[in-house]
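What follows is each chain in one-letter form.
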Amino acid sequence: SQTIHQWPATLVQPVGSPLSLECTVEGTSNPNLYWYRQAAGRGLQLLFYSVGIGQISSEVPQNLSASRPQDRQFILSSKKLLLSDSGFYLCAWSHIFGGYGYTFGSGTRLTVV
Amino acid sequence: SQKIEQNSEALNIQEGKTATLTCNYTNYSPAYLQWYRQDPGRGPVFLLLIRENEKEKRKERLKVTFDTTLKQSLFHITASQPADSATYLCPPSTGYSTLTFGKGTMLLVSP
């Protein structure tokens, strides 16, 4: 069966520090991969998605970047965190667009102080 | 612009009753519609997917309907239990794009 791993679960980082969140999927190949962010009391905002190795689509211009160095690995990064980067970050995967549900990771609660 | 509207931000019902949640779409013609459950501090969990050519889908105590004319989906939980309390999300999909999630409807089932 397929599983998705996301870490760390919580993170407290100072403003201006770098960020690296990692997500890996097991049990499937060539998945679509997604990074979402959820601010408190808000809906999920799609940040990046990838349909293949090295292919990254950005939905919201911001202080963050994403990379997919391997088929089942998706990394969210920042060189310098801002206070506004605080939130709940969720990685997800799906087979293809539309016809299949997304499976989400357990999320990372990021607090920038 | 495309818009997703869920009937209310919160719905309170008594245990044992049927909960009905509504999703309406504006300027959107989804080919699929998905329903998710999200608990506080957790990622959403996929529940059901219904296609535009399907009127109804069932899974245990869950039933989803999809009316493409009204641009509306109804999500029913029969014999609701306190454990059903969560936020429910209904992202639509055209079939060739990513999912857009709204804030969802928070369901509270009281004993």
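Structure: above.
Cut-offs applied
Residues numbered from 1 in each chain as written. Chains lettered and ligands numbered in written order. Predicted model: local features only at pLDDT ≥ 70, side-chain atom pairs only at ≥ 80, totals over all residues. Heavy atoms only, no water. Helix = DSSP H or I, 4+ residues; strand = E, 2+ residues; numbered from the N terminus. Rg over C-alpha atoms; globule rule 2.2 N^0.38 Å. Buried < 20%, exposed > 50% of the residue type's maximum accessible area, 1.4 Å probe, protein only. Contact = heavy atoms within 4.5 Å. Areas by Shrake-Rupley, 256 points an atom, 1.4 Å probe, with all protein chains shown as cover. Lys, Arg positive; Asp, Glu negative; His and termini not counted. Charge placed at Lys NZ, Arg CZ, Asp CG, Glu CD. Pairing = 2+ DSSP bridges. Buried area = accessible area lost by both parts, 1.4 Å probe. Salt bridge = Lys/Arg side-chain N within 4 Å of Asp/Glu carboxyl O. Polar contact = N/O pair within 3.5 Å; in protein donor to acceptor, adjacent residues only side chain to side chain.

K.L.:
Explain the overall build of chain B to me, please; I cannot follow it from the model alone.
P.N.:
On a plain count of helices and strands, chain B comes out with 0 helices and 11 strands. Going from the N terminus to the C terminus, chain B shows its helices and strands as β-β-β-β-β-β-β-β-β-β-β. Expected size for 111 residues packed as a compact globule is a radius of gyration near 13 Å; at 13 Å, chain B falls within 12% of this value. For the C-alpha atoms alone, the extent of chain B along its principal axes is close to 40 × 30 × 20 Å. Within chain B, the fraction of its 111 residues that count as buried is 45%. For chain B, the proportion of contacts with a sequence separation of at least 24, taken over those separated by at least 6, is 53%. On chain B, roughly 5,700 Å² of surface is accessible, and the fraction owed to carbon and sulfur atoms is 49%. Distance from the positive charge centre (13 side chains) to the negative charge centre (10 side chains) of chain B: 1 Å.

K.L.:
Would you explain the pairing of strand β2 (residues 10-13) of chain A in this entry?
P.N.:
Look at any regular strand and the pattern is simple: side chains alternate between the two faces of the sheet. All names here are of chain A. The alternating pattern of β2 places Leu 11 and Gln 13 on a buried face, while none of Thr 10 and Val 12, on the opposite face, is buried. The pairing of β2 with strand β11 (residues 108-112) spans 4 bridges and is parallel. Pairing of Leu 11 across the sheet is with Leu 110, part of β11.

K.L.:
I keep staring at the interface of chain B and chain A and nothing clicks. Help me out?
P.N.:
Accessible area lost upon the coming together of the parts is a frequently used measure of interface size. Contacts between the two partners involve 21 residues from chain B, matched on the other side by 21 residues from chain A. Considering only the surface of chain B that becomes buried against chain A, Pro 44, Thr 98 and Phe 101 of chain B emerge as the three largest contributors, covering 32% of it. Inspection of the region where chain B meets chain A yields 0 salt bridges. Remark: the boundary between chain B and chain A carries 5 residue pairs in polar contact (both at pLDDT 80 or more).

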